[in-house]
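As a plain string of letters, each chain reads:
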Amino acid sequence: MNEIVRDKIEANEAWIINHRRALHQIPEKSKEEWKTKEYIKKSLTDLGIEVKEGYYNTGLVGVIYGEQAGRTIGIRFDMDALEMEEKVETEFKSLNKGLMHACGHDGHMAMGLGCAKVLNEMKDQICGVVKLVFQPAEEDATTGGGAQHMIKDGVLSDEPKIEAMVGMHIWPKLKVGEVGSRVGPIMAASDPFNVEVVGKGVHASLPYMGIDPIITASQIIVNLQSVISRNISPFEQGVMSIGIMQGGTQYNTIPERVHFYGTVRSFNEETRLRIHDRMKTVIEKGAEAMNAKAKFNYTFGYPAVINNEKMVKIAKFSTEEMLGEGSYIEVDQPAPGGEDFAFFAKEVPSVFLWLGYGEEEEIHPPHSPHYEFNEAILALGTKVLCKTALEWCRLNK
Ligand SMILES: [Zn+2]
Ligand SMILES: [Zn+2]
């Protein structure tokens, strides 16, 4: 079967590349992927694949029914682009001003279409069902990410229910031909927070008549640094950084309020809650000790992506079968970035894979206006995704 998968994908490589280029020209904002949706829908329909809609507006699912009995796996492809002006000159440059596929989601979707074409031609060899999940709004953590909303709209629970998920993202720190992953956390929980410290404004020469929010906020910020260093096990990881501090308008006046804003990254739910709870105490009690008041707003953004051990094993095996020995890289550290694939991984056993595109020379990372998708990896990623789905179906029939 490996030969068939390989041959079919190689025969369709130009077809996949063309889809990537076409999608690259029509980048759309998170939650507004309407043209992208139409493009994917038409491409799937042209292949004779059933399309299910009604998942968070622009989300859609292509369903491939194997001819042998079995269970159902999903493969996820994100659809949204970024609000930035493309600086790469190609004949298929973005046609939408101020928008660019700078995170590789155009390539992810093209691999999704590649999987659709190849798996659809191999239906007789599939045990069970493969659902190709095209997901909007991965980049939009402010509204919770598209994955969470698609799940609410039934993408996992609709019959036949998805019982396992695979996701993949282009990765600059791995080379072309390498696919990396690890058991357990692979992407961080990413939570923004802000604090408002309210005191009592007064002339700077009469501080005893007011309540100083600048001194209060300063003490709170210093004490917050003890949360990671003194409340988290040395075997756990966490990051807390404050990126904005604002307060006051006049050098000789103690202001009424101070705001500060930051972000917390963590890799397991227990640590995440512990950090939140300790922050709340340090902030609220710190303000109280100074007769001030503090409002603490913490947003639980994307949780950490936690890879399932069995799923990693299947993906590792599939990578080596498709790309050869040494192609699978066991990465030793999770990345501190967030990824809403986490919501799928919370519901069903899942694996999130990093698809290398780096070469020896300097390359541009995702979210750079100079980022250029390396088309040489499209066939490689498609092979690994197809094989992982086929292998899971074979083991779970
Ligand atoms: Zn991305
Ligand atoms: Zn991104």
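Here is what the cut-offs are and how they apply
Residues numbered from 1 in each chain as written. Chains lettered and ligands numbered in written order. Predicted model: local features only at pLDDT ≥ 70, side-chain atom pairs only at ≥ 80, totals over all residues. Heavy atoms only, no water. Core = buried A, V, L, I, M, F, W, Y, C linked by side-chain atoms within 4.5 Å. Buried < 20%, exposed > 50% of the residue type's maximum accessible area, 1.4 Å probe, protein only. Helix = DSSP H or I, 4+ residues; strand = E, 2+ residues; numbered from the N terminus. Contact = heavy atoms within 4.5 Å. UniProt positions renumbered as here; feature names shortened; annotations may be inferred. Donors = N, O, S within 2.8 Å, 3.2 Å for Na, K, Ca; no water. Patch = residues over 30% accessible without salt bridge, like charges linked within 9 Å, V, L, I, M, F, W, Y side chains within 5 Å. Areas by Shrake-Rupley, 256 points an atom, 1.4 Å probe, with all protein chains shown as cover. Salt bridge = Lys/Arg side-chain N within 4 Å of Asp/Glu carboxyl O. Tetrahedral: all angles 85-135°; square planar, octahedral: opposite > 155°, others 65-115°. Pairing = 2+ DSSP bridges. Axes fitted to C-alpha atoms, helices over the stretch in contact; angles between N-to-C directions. Phe/Tyr/Trp six-rings, centres within 6.5 Å; stacked < 30°, edge-to-face > 60°. Lys NZ or Arg CZ within 6 Å of the ring centre and 35° of its normal.

Attention now goes to the nonpolar core. One finds Ile73, Ile75, Val130, Leu132 and Phe134 to be the most contacted residues of the largest nonpolar core, which totals 56 residues. At 10 residues, helix α10 (residues 378-395) tops the list of elements feeding residues into this core. In this view, Ile73 contacts Val129, Val130, Lys131, Ile162, Ala164, Val166, Met311, Ala389, Trp392 and Cys393; residues no more than four positions away in its chain are not counted.

Let us now look at the UniProt feature "binding site: Mn(2+)" (unreviewed entry) in the protein. Per the UniProt record, "binding site: Mn(2+)" (unreviewed entry) is annotated on Cys103, His105, Glu139, His169 and His367. Across 265 residues in sequence, these annotated residues keep their C-alpha atoms within 13.0 Å of one another, forming a single compact spot. By secondary structure assignment, the location of Cys103 is in the loop between β3 (68-78) and α4 (105-121). When its relative accessible area of 8% is taken as the criterion, Cys103 is described as buried. Contacts of Cys103, omitting those with residues within four sequence positions, involve Leu82, His108, Glu139, His169, Ile170, Pro366, His367 and Tyr371. Relative to the elements of secondary structure, Glu139 occurs in the loop between β4 (127-135) and α5 (146-152). For Glu139, a relative accessible area of 22% corresponds to the partly exposed category. With residues up to four places along the chain from it excluded, the contact list for Glu139 reads Ser30, Asp80, Ala81, Leu82, Cys103, His105, Tyr302 and His367.

For a metal with four tetrahedral donors the ideal donor-metal-donor angle is 109.5 degrees, while six octahedral donors give ideal angles of 90 or 180 degrees. Cys103 (SG), His105 (NE2) and His169 (NE2) make up the full set of protein donors to the zinc ion (ligand 1), lying at 2.0 to 2.3 Å. Look at where the donors of the zinc ion (ligand 1) fall in the sequence and you get C-x1-H-x63-H.

Take the side chain of His101 next. As for its position among the elements, His101 is in the loop between β3 and α4. Those residues in contact with His101 that sit more than four places away from it in its chain are Leu23, His24, Pro27, Met79, Asp80, Ala81, Asp106, Met109 and Tyr371.

Now for a nonpolar patch on the surface. Taken together, the side chains of Leu206, Tyr208 and Met209 define a hydrophobic patch exposed on the protein surface, amounting to about 340 Å² of accessible area. Relative to the elements of secondary structure, Tyr208 occurs in the loop between β9 (202-203) and α6 (213-231). What makes Tyr208 exposed here is its relative accessible area of 66%.

What follows covers the coordination of the zinc ion (ligand 2). Here the zinc ion (ligand 2) is held by Cys103 (SG), Glu139 (OE), Glu139 (OE) and His367 (NE2), and the distances to it run 2.1 to 2.8 Å. In this structure, the zinc ion (ligand 2) is surrounded by four donor atoms whose angles at the metal cover 51 to 149°, and the resulting shape is irregular. Here the donor residues of the zinc ion (ligand 2) share one chain and are spaced in sequence as C-x35-E-x227-H. In this structure, the zinc ion (ligand 2) lies 3.1 Å away from the zinc ion (ligand 1), the two metals sharing Cys103 as a donor. Separated by 264 residues along the polypeptide, Cys103 in the loop between β3 and α4 and His367 in the loop between β16 (350-358) and α10 bring together distant segments of the chain. For His367, a relative accessible area of 39% gives the class partly exposed.

A negative phi holds for most residues other than glycine; trans holds for most peptide bonds. That bond from Glu159 to Pro160 is cis: its omega, -15°, falls within 30 degrees of zero. With respect to the helices and strands, the residue Pro160 is situated in the loop between α5 and β5 (164-175). The backbone of Ala137 sits at a positive phi, close to 55°, despite the residue not being glycine. Among the secondary structure elements, Ala137 is positioned in the loop between β4 and α5.

Attention shifts here to the sheet that holds strand β1 (residues 50-55). The pairing of strands in a sheet comes from backbone hydrogen bonds and takes either a parallel or an antiparallel form. Judged by pairing direction, the sheet is mixed, and its eight strands sit side by side in the order β1-β2-β4-β3-β5-β16-β6-β15 without closing on themselves. Of all the strands in the sheet, just β1 and β15 (328-330) have a single pairing partner and so form its edges. The mean inter-strand angle of the sheet, taken between neighbouring strand axes irrespective of direction, is 30°. Judged from the four bridges that link them, β1 and strand β2 (residues 59-65) form a sheet pairing that is antiparallel. Paired with Glu50 across the two strands is Val63, which belongs to β2. The sheet contacts of helix α8 (residues 309-323) involve β3, β5, β6 (179-181), β15 and β16, and relative to β16 the element is tilted by about 35°.

Here we come to the packing of aromatic side chains. Following the criterion strictly, the structure yields nine aromatic pairs and no others. Here the aromatic residues Phe193, Phe296, Tyr298 and Phe300 are joined through ring pairs into a cluster of three or more. When the ring centre of Trp15 is taken as reference, the NZ or CZ atom of Lys117 above it lies at 5.3 Å.

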